2 protein chains.
Amino acid sequence: MAEKQRSYSISELASEFDVTTRSIRFYEDQGLLHPTRRGQTRIYSRQDRVRMKLILRGKRLGFSLAEIRDLFSLWDETPSGSQKQLNLLMEIIHQKRAELDQQLKDIAMVQLELDNAERRCRDALDELRTQKQKAS
Amino acid sequence: MAEKQRSYSISELASEFDVTTRSIRFYEDQGLLHPTRRGQTRIYSRQDRVRMKLILRGKRLGFSLAEIRDLFSLWDETPSGSQKQLNLLMEIIHQKRAELDQQLKDIAMVQLELDNAERRCRDALDELRTQKQKAS
DNA sequence: TTTCCGCTTTACGTTAACGTAAACTTCCTC
DNA sequence: GAGGAAGTTTACGTTAACGTAAAGCGGAAA
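The model shown is predicted, which means the values in this text are computed figures rather than measured ones.

Undergrad: When you look at the protein's contact with DNA strand D in this model, what are you seeing that I'm missing?
TA: In the neighbourhood of DNA strand D, 17 residues make up the surrounding shell, with Thr20 and Lys59 of chain A together with Ser11, Arg25 and Arg42 of chain B lying closest. Contact distances for DNA strand D include 2.7 Å between a phosphate oxygen and a side-chain N or O atom of Lys59 of chain A. When residues of the surface near DNA strand D are traced back to their parent elements, those giving at least two are α2 (21–29) of chain A together with α1 (10–17), α2 (21–29) and β2 (41–43) of chain B. The element best represented in the surface near DNA strand D is α2 of chain A, accounting for four residues.

See below:
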């Protein structure tokens, strides 16, 4: 059962996710990615690719790279710390969950406002059409 | 029927929303707020207060101040433009709605990951407790 | 061999969203 | 009328997240 260890070059990842290579190297600099090397050249694994997805997802939610890095250590740190550490982790998890809940509420509100704006916009368009009708 | 036109000072708003006065003046600079003046001093209306809420909500969703300003003009521009303008507005509205939908998906994914992390964390805590039990 | 392509490092530049400090008015109050 | 509290303008500083340019390395193709 040979593992199909597909790997990626930096420009492959860049074009797939539509970011620059500069960004990808920057993420590594910030401790978000840890590609291996063949000589000087960076080699990205499937795991790194998954990381990229997660990074971009975090960014779309307005998280900073530092926060995303913290979430990563939450994620892959096999929880083997002291009880104090573990409780701290639980704390952070609940904190993040609260942020997401707030965002859900915010999104709902903005959606309502968009509904409203769209309705008024549609009304204005209808108004224009009926005026055109009268003119003909 | 005297309108109860409550007004606010800059520091009142600042403490209520837990931002600095510098930020509030900056938002004005960027065209997000338009307080009236008594002499030099800024006077904020209830409408301005509502604006503040919307600004912070937008920020929590990761919008830039420029985007928020655009949403504002979407919002209070009585849709009285040309048909071309109105169609453009509809376009922008749908664009923003798509962004929000994407965020909803992203939030759902991150929530799953948090669930996962919390479970592993809880398991590790249980593990610690049972070990303590054995030791006693 | 040269030349080009993709990758690398190094390093300075840029934008957004404020922070922070200085110097000044206004109004109250002691 | 001296001081303090709260407001103002002006302006330079700061951080995050890259952009951009310069200079160099290694392989392959002409």
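Picking up where we left off.
Undergrad: Is there a simple way to explain the relation of the copies chain A and chain B in this structure?
TA: Copy one and copy two of the chain differ by a rotation about an axis and a translation along that axis. Superposition of chain A onto chain B requires a rotation of 180 degrees combined with a translation of 0.0 Å along the rotation axis, giving an RMSD of 0.1 Å. Accordingly, the operation relating the two chain copies is best matched by a two-fold axis. Of the C-alpha atoms belonging to chain A, the one lying closest to the rotation axis is found on Gly62 of chain A, 2.1 Å away. Looking at chain A, 100% of its interface residues are interface residues in chain B too, so the copies touch through the same face.

Undergrad: Looking at this model, I keep getting lost on the interface of chain A and chain B. Mind explaining?
TA: Reports of interface size often rely on the accessible area that becomes lost once the parts have come together. Listed by partner, the interface residues are 45 residues for chain A and 46 residues for chain B. Summed over both sides, the interface of chain A with chain B buries roughly 4200 Å², with 68% coming from carbon and sulfur. Across the contact surface, chain A and chain B share ten salt bridges. Notably, a salt bridge pairs Arg97 of chain A with Asp115 of chain B, separated by 2.7 Å at the nearest N-O pair. Taken together, the connections running from chain A to chain B amount to twelve residue pairs in polar contact (both at pLDDT 80 or more).

Undergrad: Before we go on, may I ask you to explain empty space enclosed by the protein in this structure?
TA: By the definition in use, this model includes three cavities of 30 Å³ or more. Its boundaries defined by the atoms lining it, the largest cavity holds a volume of some 200 Å³. If you trace the largest cavity, you find 13 residues lining it, with Val110 and Glu113 of chain A together with Leu54, Leu71 and Phe72 of chain B closest to the centre. Elements with a minimum of two residues in the lining of the largest cavity: α5 (83–135) of chain A together with α3 (46–60) and α4 (65–76) of chain B. With five residues, α4 of chain B is the single largest residue contributor to the lining of the largest cavity. Of the residues in the lining of the largest cavity, the class split is ten nonpolar, one polar and two charged.

Undergrad: Sorry if this is basic, but what is going on with the protein's contact with DNA strand C here?
TA: Near DNA strand C lie 17 residues; those nearest to it are Ser11, Arg25 and Arg42 of chain A together with Thr20 and Lys59 of chain B. Within 4 Å of the protein, atoms of DNA strand C come from sugar and phosphate in 70% of cases. In the model, a phosphate oxygen of DNA strand C is placed 2.8 Å from a nitrogen or oxygen of the Arg25 of chain A side chain. Those elements that provide at least two residues to the surface near DNA strand C are α1 (10–17), α2 and β2 (41–43) of chain A together with α2 of chain B. Ranked by the residues each element gives to the surface near DNA strand C, the list is headed by α2 of chain B, at four residues. For the surface near DNA strand C, a count of residues per class yields four nonpolar, seven polar and six charged.

Undergrad: Before we go on, may I ask you to explain the layout of surface pockets in this structure?
TA: The gaps left among the atoms become clear once a water-sized probe is rolled over them. By volume, the largest pocket is sized at about 400 Å³. Around the largest pocket, the lining is made up of 20 residues, and of these Leu54, Leu71, Phe72 and Trp75 of chain A together with Glu113 of chain B lie nearest the centre. Among the elements of the structure, α3 (46–60) and α4 (65–76) of chain A together with α5 (83–135) of chain B are those that each provide at least two residues to the lining of the largest pocket. A class-by-class count of the residues in the lining of the largest pocket yields 13 nonpolar, three polar and four charged.

Calculation rules
Residues numbered from 1 in each chain as written. Chains lettered and ligands numbered in written order. Predicted model: local features only at pLDDT ≥ 70, side-chain atom pairs only at ≥ 80, totals over all residues. Heavy atoms only, no water. Near = heavy atom within 4 Å. Polar contact = N/O pair within 3.5 Å; in protein donor to acceptor, adjacent residues only side chain to side chain. Helix = DSSP H or I, 4+ residues; strand = E, 2+ residues; numbered from the N terminus. Least-squares fit on C-alpha atoms with pLDDT ≥ 70 in both. Contact = heavy atoms within 4.5 Å. Buried area = accessible area lost by both parts, 1.4 Å probe. Salt bridge = Lys/Arg side-chain N within 4 Å of Asp/Glu carboxyl O. 1 Å grid on protein atoms, 1.4 Å probe; cavity = no way out; pocket = protein on both sides within 12 Å on 5 of 7 lines; lining within 4 Å. Points joined across faces, edges and corners; volume = space filled by probe spheres on them. Nonpolar A, V, L, I, M, F, W, Y, C, P; charged D, E, K, R; others polar.

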